[in-house]
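Survey of secondary and tertiary structure
So the chains spell out like this:
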Amino acid sequence: MYSLARPLARSFARSSAWSKASAVRTLATAKPQSLKDRLTELIPERQAEIKEFRAQYGDAACGTVTVDMIYGGMRGIKGLIWEGSVLDPEEGIRFRGLTIPECQKLLPKAPNGEEPLPEALFYLLLTGEVPTAEQVQAISAEWAARSHLPSYVEDIIDRCPNTLHPMSQFSLAVTALQGESAFAKAYNQGVHKSTYWQYVYEDSMDLIAKLPVVAARIYRNVYKDGKLPAVDPTLDWSANFAHMLGYTDPKFVELMRLYLTIHSDHEGGNVSAHTSHLVGSALSDPYLSFSAALNGLAGPLHGLANQEVLRWILKMKAELGADTSDAAIRNYVWKTLKSGQVVPGYGHAVLRKTDPRYTCQREFAIKHLPQDQMFQLVSQLYNIVPGVLTEHGKTKNPWPNVDAHSGVLLQHYGMVEQDYYTVLFGVSRALGCLSGLIWSRALGLPLERPKSMSTESLKKLVIKK
């Protein structure tokens, strides 16, 4: 068995394109390459690198699986390739090696904007490189051009009753779009598997382009007058989404750019990302794969948590009334814990420090809405909850996660419809899920089929050892 400590110089000689240094590198060409053309260049390099790595180290061990891991939802088991991002317990998420603050600094922004454009992050997730402003503008224009919805999908959305949860409508519409799948058509025609990624790429670009239109149509049907503005080809993806939702405040548009960027990817083991990877491994097309991911995102232990946080804070505010002193809030937190409930928005399966996605949202709030009463409550909780959870002793990570802040920011700008918040999360998460799916097909990753065991067979295995 090989040791992973052996030098990898030769195996990774070609992998500099995937390092942090390469991510910072911006391509300088007379005519900016399209994203698909750049991927066409990068994929053979990456395929060769992985082939050589597997040939040399295919038998190397990379972790130990314990009984607790097996019963604990496979938590912490290293068993999945996900190229776009890696979650460090201490540093938080890194997108192709870049932290959130680095992405905020390096990724292109809209004219007069301060937050990175999600289009730029998508380029980074796919290529490992920071795009030029021109390359990002090209993606914005391409997504606007691909955004048209088939009339039958519009009809399906419009026929949904307002009582049907927005996430159910969202998943339904994405599934219905499957009739447009270029990959499904190509597969049925018998195309070679080496070209699968190209059709998955086309589907992914189409789906990402259409998601804001789908999501905005659901929002306008359920909460407003049902009328939807047209996509403006001169606007970026986030600005178009905000405009279709009915929000014109430039600060809300900036919040959307930040929100859609930081919620996009969180390595491959979370429910939505892993679901899209698992379903995609059966060669289901991006529409079916991502609709499955949305169904996972809708769960209260995943994407639904953001609205749970806001509801808990609003309930606390109503119960405490005028007394929002530190002592009163601390007592309320203890009351929540003693009733057998968790404090929503705190703790994380991997992170052991404050989530950087929480921090950048907090910085946005300090800059744009420092006097907002709900933000001030969130700030008090930030100073109180970690100490209470540490004293309680049952939480490995007492620090806030991304969900502890997002609902308060959205409410400040008038989006008070809490059931809709997870739809926003879903629009963003498409960037990570679909960029991962493109690479899964480019690398020819196989059908995912882990081995399961019964308690009896596991006992025999472990006790025998």
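Here the structure is a predicted model, which means the values were calculated and not measured.

The end-to-end C-alpha distance of helix H14 (residues 286-297), which contains 12 residues, comes to 16 Å, matching closely the 16 Å that a straight helix rising 1.5 Å per residue would cover. With 10 of its 12 residues buried, H14 lies for the most part within the structure. Where H14 is concerned, the buried positions are Pro286, Tyr287, Ser289, Phe290, Ser291, Ala292, Ala293, Leu294, Gly296 and Leu297. Packed against the buried residues of H14 are helix H8 (166-176), helix H9 (182-188), helix H10 (196-223), helix H13 (271-281) and helix H20 (421-442).

This next bit is on a nonpolar patch on the surface. Judged by side-chain polarity, Val65, Val67, Ile70, Tyr71, Met453, Leu461 and Val462 come together as a nonpolar surface patch covering roughly 590 Å² of accessible area. Taken together, the elements giving at least two residues each to the nonpolar patch come down to helix H3 (67-71) and helix H21 (455-464). Here Val67 lies in helix H3. On the basis of relative accessible area, Val67 is assigned to the partly exposed category, the value being 32%.

Now for the packing of aromatic side chains. With the rule as written, the count across this model stands at 15 aromatic pairs. With 6.1 Å between their ring centres and 70 degrees between their planes, Phe252 and Tyr413 make a pair best called edge-to-face. Of this pair, Phe252 sits in helix H12 (residues 250-262) while Tyr413 is found in the loop between helix H19 (403-412) and H20, placing the two residues 161 residues apart along the sequence. When the centroid spacing of 5.6 Å and the interplanar angle of 55 degrees are considered together, the rings of Trp312 and Tyr332 count as tilted. Highlighted residues: Trp312 in helix H15 (residues 305-320) and Tyr332 in helix H16 (residues 326-338), separated in sequence by 20 residues. Clustering of aromatic rings is evident, with ring pairs tying together Tyr219, Tyr223, Tyr247, Phe252, Tyr413 and Tyr420.

Cut-off values and rules
Residues numbered from 1 in each chain as written. Predicted model: local features only at pLDDT ≥ 70, side-chain atom pairs only at ≥ 80, totals over all residues. Heavy atoms only, no water. Helix = DSSP H or I, 4+ residues; strand = E, 2+ residues; numbered from the N terminus. Expected span 1.5 Å × (residues − 1). Buried < 20%, exposed > 50% of the residue type's maximum accessible area, 1.4 Å probe, protein only. Contact = heavy atoms within 4.5 Å. Patch = residues over 30% accessible without salt bridge, like charges linked within 9 Å, V, L, I, M, F, W, Y side chains within 5 Å. Areas by Shrake-Rupley, 256 points an atom, 1.4 Å probe, with all protein chains shown as cover. Salt bridge = Lys/Arg side-chain N within 4 Å of Asp/Glu carboxyl O. Phe/Tyr/Trp six-rings, centres within 6.5 Å; stacked < 30°, edge-to-face > 60°.

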